[in-house]
Amino acid sequence: VMHRAGNWFSPAGLQPRAHSAALFTLLAEMRAAMRAANPDAAFLAECFGPEQVPVSDLVGFQWIGWLDWCLHHLRDGALDGRTLALLLRDHFDSLAPDTLLALYTHTHDTVAFQKRDIDGPVIDAFFAALCFLGSAVMTFGGGSWDMRRRPDAAGEAAFFKTLYAAKHHLGGVAVGEVEFDLSADARLLVARRPSRLGEVLVFANLSPDLVPAALGAGVIYRRHVNGPADRLAPHDVAVVFA
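Residues numbered from 1 in each chain as written. Predicted model: local features only at pLDDT ≥ 70, side-chain atom pairs only at ≥ 80, totals over all residues. Heavy atoms only, no water.

Caption draft 1: Representation of the overall build of the protein chain. The helix and strand inventory of the protein chain stands at six helices and 13 strands. Nonlocal contacts in the protein chain, meaning residues at least 24 apart in sequence, comprise 60% of its contacts between residues at least 6 apart. Split by element, the accessible area of the protein chain, about 11100 Å² in all, is 57% carbon and sulfur. (Helix = DSSP H or I, 4+ residues; strand = E, 2+ residues; numbered from the N terminus. Contact = heavy atoms within 4.5 Å. Areas by Shrake-Rupley, 256 points an atom, 1.4 Å probe, with all protein chains shown as cover.)

Caption draft 2: Layout of the sheet that holds strand β7 (residues 179–180). One open sheet accounts for five strands, arranged β7-β8-β9-β13-β11; its pairing is antiparallel. Strands at the two margins of the open sheet, each flanked by one partner only, are β7 and β11 (219–222). Bridging between strand β9 (residues 200–205) and strand β13 (residues 237–241) involves five bridges; their strand directions are antiparallel. Across the sheet, residue V200 finds its bridge partner in β13, namely F241. Strands in contact with helix α3 (residues 81–93) are β7 and β8 (188–193); relative to β8, the strand with the most contacts, it is inclined by about 40°. Contacts between helix α5 (residues 121–133) and the sheet are confined to β7, β8, β9, β11 and β13, with β9 contributing the most and set at about 165° to the helix. (Pairing = 2+ DSSP bridges. Axes fitted to C-alpha atoms, helices over the stretch in contact; angles between N-to-C directions.)

Laid out in structure tokens, this is it:
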């Protein structure tokens, strides 16, 4: 359902849902009818906030204001991995536990509605970690809203290809199945999740430092392929068997 149900440019403080109660009622009825016909089907609606989530099984991870704040503070170093893990945990806890998150490449470094690219290695690391904590991942070619097309930066195609191959092997995950480790080194985002290969840990070093990390031997994905086994290089991401 490619409609976010409301006028994005609404007065400050108004949730888009306030404009569209009838449409949300219709979407909820469509979801119920679809599930009655096929319990295994998923209902995708482009949603922007907690009030819009209940009608969708697969939620677009596009809290634009929240994402904009995170991206800027990741780049200026004011937001560390542990704090980001806490923020993600709180967002995940606000959703139904069986919610499946969909991530789009254009959200990881573009604030689409403001037509600004926010690029850099820490942003790529953040996006890679989110890919493993969500269910579906989609490459958005760009072109609308003057967004840049993907992939176009050096090495970007290889980055997405390797990332998505590992993501495919792990399979999807619901938000209620992800656990965040808030006791880890503050520079690291660390999460535990089930997968079709078994339980895995996701590590993301969102700092410019070389950070000790007990990765173990079963590495499934490594953003910096030749990184050391007992440390994470700056802006490295690793997925390992728990």
